[in-house]
Amino acid sequence: MTATQRALVVAVDTGDPQRPIEPELLEFEALATAAGAAVVARVVQRRDRVDPATLIGSGKVDDVAAAARAHGADVIVVLNDLRPRQRRNLEKRLTLPIVDRTMLILDVFARHARGSEGKLQVELAQLRFRQSNLIGAGSDLSRLGGGIGTRGPGETKLEVDRRRIGVRIAVLRRALARVERRRATRRGASAGDPFVALVGYTNVGKSSLLNVLARSDALVADRPFATLDPTIRRVYLADGAYARLADTVGFITELPKDLIEAFRATLEELRDADLLLHVVDASSADWPRQRAAVERILHDLGLESIERLTVYNKCDAIAEGPAESGAAYVSARTGQGIAELRARIVARLALVRAGGDVDGALVDR
Ligand SMILES: Nc1nc2c(ncn2[C@@H]2O[C@H](COP(=O)(O)OP(=O)(O)OP(=O)(O)O)[C@@H](O)[C@H]2O)c(=O)[nH]1
Ligand SMILES: [Mg+2]
């Protein structure tokens with residue numbers, strides 16, 4: 001991206017008591033920042049349901065236009081997912097590019113994917129999203145002028161018409177299948193040690209934990225989706241006992257389905273895990289919502305039957321945390337609880353090996 005884009009945040013709060021809007025707004029603004037934008041203002045409208053034509057009420061659109069002018073915004077980022085019709089109507093009246101949550105997440109991914117597989121996965125997700133939301137041919141994209149929502153490994157290739165997007169998707173699928181076959185072969189060769197995988201909400205400290213456990217130096221950053229390319233390290237557990245520990249992309253509430261689709265191969269590898277370490281950020285007031293979102297995604301991916309150990313991280317940053325029997329309490333920063341974590345992993349793996357199908361009734365989660 002060239003100059004930092006000034007983003008005006010727009011959201012509809014439907015007042016669902018199960019889903020307070022504040023944590024979602026904070027998370028959304030962190031995504032906008034990770035996409036390289038500066039959030040200049042917020043407009044939140046409280047209404048029972050979104051407007052089918054313009055998302056926010058028609059009168060509110062004028063307020064948004066005024067706020068955008070007053071703050072010199074050059075992009076509108078919308079928390080709620082937009083239907084193609086809502087997007088078109090808003091763009092007509094606001095004459096600014098409109099980026100919704102899915103586009104923002106895809107954009108953060110596009111900015112940070114490094115490996116060839118990650119790049120292919122991101123481009124595939126972007127194209128599928130553009131295709132299903134009727135974005136993609138010429139006008140919208142050139143109006144975005146290379147800012148958020150347009151960036152990607154395939155940026156120039158995105159400027160093709162819809163018919164060619166279909167062709168490009170087929171090419172990407174084949175390329176990804178080749179990369180995945182190569183990876184599967186490599187994985188087979190390193191089998192032996194049990195396979196343990198870190199899963200959890202984005203930014204909870206999964207990579208930091210991998211680093212303390214494996215004494216490695218995977219990328220750690222205080223922003224969503226720092227890790228996009230899967231990493232595996234050999235980790236010492238106890239005398240003569242090692243595990244292969246995998247770090248992977250973090251989850252987020254309503255992970256866009258096009259992303260899940262594109263990252264399916266990476267996520268499906270989790271099925272081979274003997275044990276999942278579900279890392280939770282105990283220092284975040286938002287941890288119960290994050291934890292529930294992860295549980296839902298694990299379920300959707302068909303991973304709920306894999307043995308799971310909950311690991312509350314960042315315990316250095318709280319006076320009193322959640323208390324859950326069977327869970328581990330650690331700090332990747334101070335090393336507190338790490339020795340116990342290794343011991344718990346050994347114990348859980350022993351149960352998995354002994355029982356084959358030890359169920360939750362026997363094991364405290
Ligand atoms: N206070 C505290 N901060 C931590 C701890 N572990 C990680 N962090 C911080 O949390 C932020 C995220 O850490 P990462 O390890 O990158 O988190 P992640 O889960 O891998 O994040 P993604 O890959 O982006 O999903 C960084 O700023 C870390 O320094 C901890 O035990 N205590
Ligand atoms: Mg990470």
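Here the structure is a predicted model, which is why all the values come from computation and not from measurement.

Rules used throughout
- Residues numbered from 1 in each chain as written.
- Chains lettered and ligands numbered in written order.
- Predicted model: local features only at pLDDT ≥ 70, side-chain atom pairs only at ≥ 80, totals over all residues.
- Heavy atoms only, no water.
- Pairing = 2+ DSSP bridges.
- Helix = DSSP H or I, 4+ residues; strand = E, 2+ residues; numbered from the N terminus.
- Contact = heavy atoms within 4.5 Å.
- Axes fitted to C-alpha atoms, helices over the stretch in contact; angles between N-to-C directions.
- Parallel < 35°, antiparallel > 145°, perpendicular 65-115°, else oblique.
- Left-handed = near helix turned anticlockwise from the far one by under 90°.
- Nonpolar A, V, L, I, M, F, W, Y, C, P; charged D, E, K, R; others polar.
- 1 Å grid on protein atoms, 1.4 Å probe; cavity = no way out; pocket = protein on both sides within 12 Å on 5 of 7 lines; lining within 4 Å.
- Points joined across faces, edges and corners; volume = space filled by probe spheres on them.
- Buried < 20%, exposed > 50% of the residue type's maximum accessible area, 1.4 Å probe, protein only.
- Lys, Arg positive; Asp, Glu negative; His and termini not counted.
- Salt bridge = Lys/Arg side-chain N within 4 Å of Asp/Glu carboxyl O.
- Polar contact = N/O pair within 3.5 Å; in protein donor to acceptor, adjacent residues only side chain to side chain.
- Donors = N, O, S within 2.8 Å, 3.2 Å for Na, K, Ca; no water.
- Near = heavy atom within 4 Å.
- Areas by Shrake-Rupley, 256 points an atom, 1.4 Å probe, with all protein chains shown as cover.
- Sits in = over half its atoms within 2 Å of the grid points.

**Section: the sheet that holds strand β9 (residues 308-313)**
An order of β6-β7-β5-β8-β9-β10 is seen for the six strands of this open sheet, with the pairing classed as mixed. If you trace the sheet from one side to the other, it starts and ends with β6 (231-238) and β10 (328-329), each paired once. In the packing of helix α12 (residues 338-355) onto the sheet, contacts are made with β5 (195-200), β6, β8 (275-281), β9 and β10, and the angle to β6 comes to roughly 95°.

**Points about the packing of helix α4 (residues 101-112) against helix α5 (residues 116-132)**
It is at 9 Å that the axes of α4 and α5 come closest, and there the two elements cross at 160°. Between α4 and α5, the crossing angle belongs to the class labelled roughly antiparallel. Where α4 crosses over α5, the handedness of that crossing is left-handed. Residue-level contacts link Thr102, Met103, Leu106, Phe109 and Ala110 of α4 to Val122, Ala125, Gln126 and Phe129 of α5. By residue class, the composition of the contact of α4 with α5 is seven nonpolar, two polar and no charged.

**Observations concerning empty space enclosed by the protein**
If you walk through the whole model with that rule in mind, you get four cavities of 30 Å³ or more. Of the voids in this model, the largest cavity is the one considered here, and its volume is about 60 Å³. As for the largest cavity, its lining consists of Phe109, Val249, Gly250, Phe251, Leu255, Leu259, Ile260, Phe263 and Leu267.

**Quick look at the side chain of Asp247**
Looking at the secondary structure, you find Asp247 in strand β7 (residues 241-247). Buried charge Asp247 goes without a salt bridge, the closest partner of opposite sign being Lys206 at 5.7 Å. A polar contact is formed between the side chain of Asp247 and the side chain of Ser207, at a distance of 2.6 Å. Among all residues touching Asp247, those that are not within four sequence positions of it are Leu198, Lys206, Ser207, Leu210, Thr227, Pro230 and Thr231.

**Quick look at the sheet that holds strand β4 (residues 98-100)**
As a general point, the strands of a sheet are linked pairwise by backbone hydrogen bonds and lie either parallel or antiparallel. Taking strand neighbours across the sheet as the criterion, the four strands line up as β2-β1-β3-β4 in an open arrangement whose pairing is parallel. On the outer flanks of this sheet lie β2 (37-46) and β4, each paired with one strand and no other. If you compare each strand with its neighbour and ignore which way they point, the axes differ by 25° on average. The sheet contact formed by strand β3 (residues 75-78) and β4 spans three bridges and is parallel.

**Quick look at the coordination of the magnesium ion (ligand 2)**
Ligation of the magnesium ion (ligand 2) by protein atoms is provided by Ser207 (OG) and Thr227 (OG1), these donors lying 2.0 to 2.2 Å from the ion. Note that Ser207 is positioned in helix α8 (residues 206-214) and Thr227 in the loop between α8 and β6, a separation of 20 residues in sequence. The class for Ser207 is buried, based on a relative accessible area of 8%.

**A closer look at the site of ligand 1**
Taken together, 22 residues sit near ligand 1, with Lys206, Ser208, Ala226, Thr227 and Asp316 positioned nearest. Between an oxygen atom of ligand 1 and a main-chain N or O atom of Arg223, the distance comes to 3.4 Å. For ligand 1, an oxygen atom lies 2.7 Å from a polar atom in the backbone of Ala226. Bound to the protein, ligand 1 loses 91% of the 660 Å² it would expose on its own. Among the cavities detected, the one that contains ligand 1 is the second largest pocket. Residue composition of the shell around ligand 1, by class: seven nonpolar, nine polar and six charged.

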